[in-house]
Amino acid sequence: MSADTANRPAVLVIDDEVQIRRLLRVSLEASGYRVLEAATGRDGLVEAAQRHPDLVLLDLGLPDMDGVTVLQRLREWSRVPVVVLSVRGREEDKITALDNGADDYVTKPFSTGELLARLRVAQRHTQPAPEAVVFRSGALEVDLIARVVTVQGKEVKLTGTEYSLLRQFVQHAERF
């Protein structure tokens, strides 16, 4: 995999229809995504666990298990955005999928442009909030951009490991 390809967001398509996977691969790759594929719910869960995609497109009508079951199992250990792509258009199906952790629901047949827009929205909603540039607590000040630590206005020299640990504490200070 080239460096350019590795930097593209990965979309895992879990759908048993070869034609849909082929259409999605062409559309998604042309729009800058890497595409991973699975034809069953079980294979989709394995791919998600091993490859950590940035997004999941999930069909509800899979041959080995219902897509809602896949969604429930995925949500036990992952917060990856999931967009359901299904022929099931009833309101109850949409509500069930959304209540079980889907981030969005698109009914087949679908517009490629709309699907791509919904994927962009799902990605935006999962991006971390911008972190504070400078952390201050009492006499301690940590500039996360410049990587400078000061105590009472005097710079403190830290090893790479020390700085990495301090940064983790600073970024998660609200937990302590």
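So, a few notes on the structure that sits alongside this text.

## A few points about the overall build of the protein chain
Broken down by element type, the protein chain carries 7 helices and 9 strands. The C-alpha radius of gyration computed for the protein chain amounts to 21 Å, which surpasses the reference 16 Å derived for 176 residues by more than 25%, pointing to a less compact arrangement than a globule. When the 176 residues of the protein chain are sorted by exposure, 37% land in the buried category. Summed over all atoms, the accessible surface of the protein chain reaches about 10,400 Å², with 51% contributed by carbon and sulfur. Side-chain charges in the protein chain split into 23 positive and 26 negative, and the spacing between the mean points of these groups amounts to 4 Å.

## A short note on the nonpolar core
A general trend in soluble globular proteins is that nonpolar side chains are found buried together. With 22 residues, the main nonpolar core has Leu-12, Ile-14, Val-56, Leu-58, Val-70, Leu-74 and Val-82 as its most contacted residues. Breaking this core down by element, the ones donating at least two residues are β1 (10-14), β2 (34-38), α3 (41-51), β3 (55-58), α4 (67-75) and β4 (82-86). Ranked by residue count, the leading element in this core is α4, at 4 residues. Setting aside residues no more than four positions away along its own chain, Val-56 makes contact with Leu-12, Ile-14, Leu-74, Val-80, Pro-81, Val-82 and Val-83.

## Looking at unusual backbone geometry
Put simply, Lys-108 and Pro-109 share a cis peptide bond, and its omega is -10°. Structurally, the position occupied by Pro-109 is in the loop between β5 (104-107) and α6 (112-126). The backbone of His-52 sits at a positive phi, close to 50°, despite the residue not being glycine. Mapped onto the elements of the fold, His-52 is located in the loop between α3 and β3. We classify His-52 as exposed; its relative accessible area is 57%.

## Details of helix α2 (residues 18-30)
With 13 residues, α2 should cover 18 Å at 1.5 Å per step; its first-to-last C-alpha distance of 18 Å lies within 8% of that length. When α2 is considered as a whole, its buried residues turn out to be Ile-20, Arg-21, Leu-24, Ser-27 and Leu-28. Buried residues of α2 fall within an arc of 135° about the axis and therefore sit on the same side. Away from the buried face of α2 by more than 90 degrees, exposed residues Gln-19, Arg-22, Val-26 and Ala-30 are located. Buried positions along α2 lie against β1, β2, β3, β4 and α6. Once α2 ends, the next one or two residues include Gly-32, with phi positive near 95°.

## Observations concerning the pattern of salt bridges
Summed over all chains, the structure comprises 15 salt bridges. Across the pair Arg-90 and Glu-92 runs a salt bridge whose closest N-O atoms are separated by 3.3 Å. Across the salt bridge formed by Glu-141 and Arg-136, the nearest N and O atoms sit 3.1 Å from each other. The class for Arg-136 is exposed, based on a relative accessible area of 57%.

Calculation criteria
- Residues numbered from 1 in each chain as written.
- Predicted model: local features only at pLDDT ≥ 70, side-chain atom pairs only at ≥ 80, totals over all residues.
- Heavy atoms only, no water.
- Helix = DSSP H or I, 4+ residues; strand = E, 2+ residues; numbered from the N terminus.
- Rg over C-alpha atoms; globule rule 2.2 N^0.38 Å.
- Buried < 20%, exposed > 50% of the residue type's maximum accessible area, 1.4 Å probe, protein only.
- Areas by Shrake-Rupley, 256 points an atom, 1.4 Å probe, with all protein chains shown as cover.
- Lys, Arg positive; Asp, Glu negative; His and termini not counted.
- Charge placed at Lys NZ, Arg CZ, Asp CG, Glu CD.
- Core = buried A, V, L, I, M, F, W, Y, C linked by side-chain atoms within 4.5 Å.
- Contact = heavy atoms within 4.5 Å.
- Expected span 1.5 Å × (residues − 1).
- Arc of directions from axis to C-beta.
- Salt bridge = Lys/Arg side-chain N within 4 Å of Asp/Glu carboxyl O.

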